[in-house]
Amino acid sequence: MHASSDIAILSRHPRAAAEARTALHDIAPTGSSGADTAALLLTEVVSNAVRHGKGAAIEVAVGFDPFTDVITGAVFDREPGLGDGDRAGLADEDQDMESGRGLDLLDAASQSWGVATAGDRGKWVWFQVPAA
């Protein structure tokens, strides 16, 4: 067994999330609940990059390490800032909004996640989930 990974440069377009899921499907263990969770999180992070990023493209990296049984997803976009997606401080009526739940979803469904900035060039938003 060896670790597997894939990197794709995708057009910043609504269909980028589906293309990113295809890359994930190619490396994640078949039939694992973690693969489904990773696909959900990857869709969210890619959708945020498409909606809020800058530039014509985003970069998506996905990986699976069979030794740690961890799936990793990461998305790079050219917007160095991270919008406020945390709803913890919002009034009850504002928490029912249909968008802006990405960071809450990462908190709830990932093993870990974070943001790595590349100065003013952009940022990587990454997450890890157990495959099993």
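Conventions we followed
Residues numbered from 1 in each chain as written. Predicted model: local features only at pLDDT ≥ 70, side-chain atom pairs only at ≥ 80, totals over all residues. Heavy atoms only, no water. Salt bridge = Lys/Arg side-chain N within 4 Å of Asp/Glu carboxyl O. Helix = DSSP H or I, 4+ residues; strand = E, 2+ residues; numbered from the N terminus. Buried < 20%, exposed > 50% of the residue type's maximum accessible area, 1.4 Å probe, protein only.

Draft legend 1. Focus on the pattern of salt bridges. Counted according to the given criterion, the structure contains 3 salt bridges. Between Glu79 and Lys54 there is a salt bridge, with the nearest N and O atoms lying 3.2 Å from each other. One end of the pair, Glu79, is in the loop between strand S3 (70-77) and helix H3 (102-109); the other, Lys54, is in the loop between helix H2 (33-52) and strand S2 (57-65), and 25 residues separate them in sequence. Residue classification places Lys54 among the partly exposed residues on the basis of a relative accessible area of 45%. Ionic pairing is found between Asp77 and Lys123, a salt bridge with its closest N-O pair at 2.9 Å. You can see Asp77 sitting in strand S3 and its partner Lys123 sitting in strand S5 (residues 123-130), a full 46 residues away along the chain.

Draft legend 2. Region of interest: the environment of Thr30. One can find Thr30 in the loop between helix H1 (16-27) and H2. By relative accessible area, which is 79% here, Thr30 ends up exposed. With 101 residues separating them along the chain, Thr30 and Ala131 place their C-alpha atoms 9.6 Å apart.

Everything listed here is a matter of geometry and, on its own, says nothing about what the molecule does.
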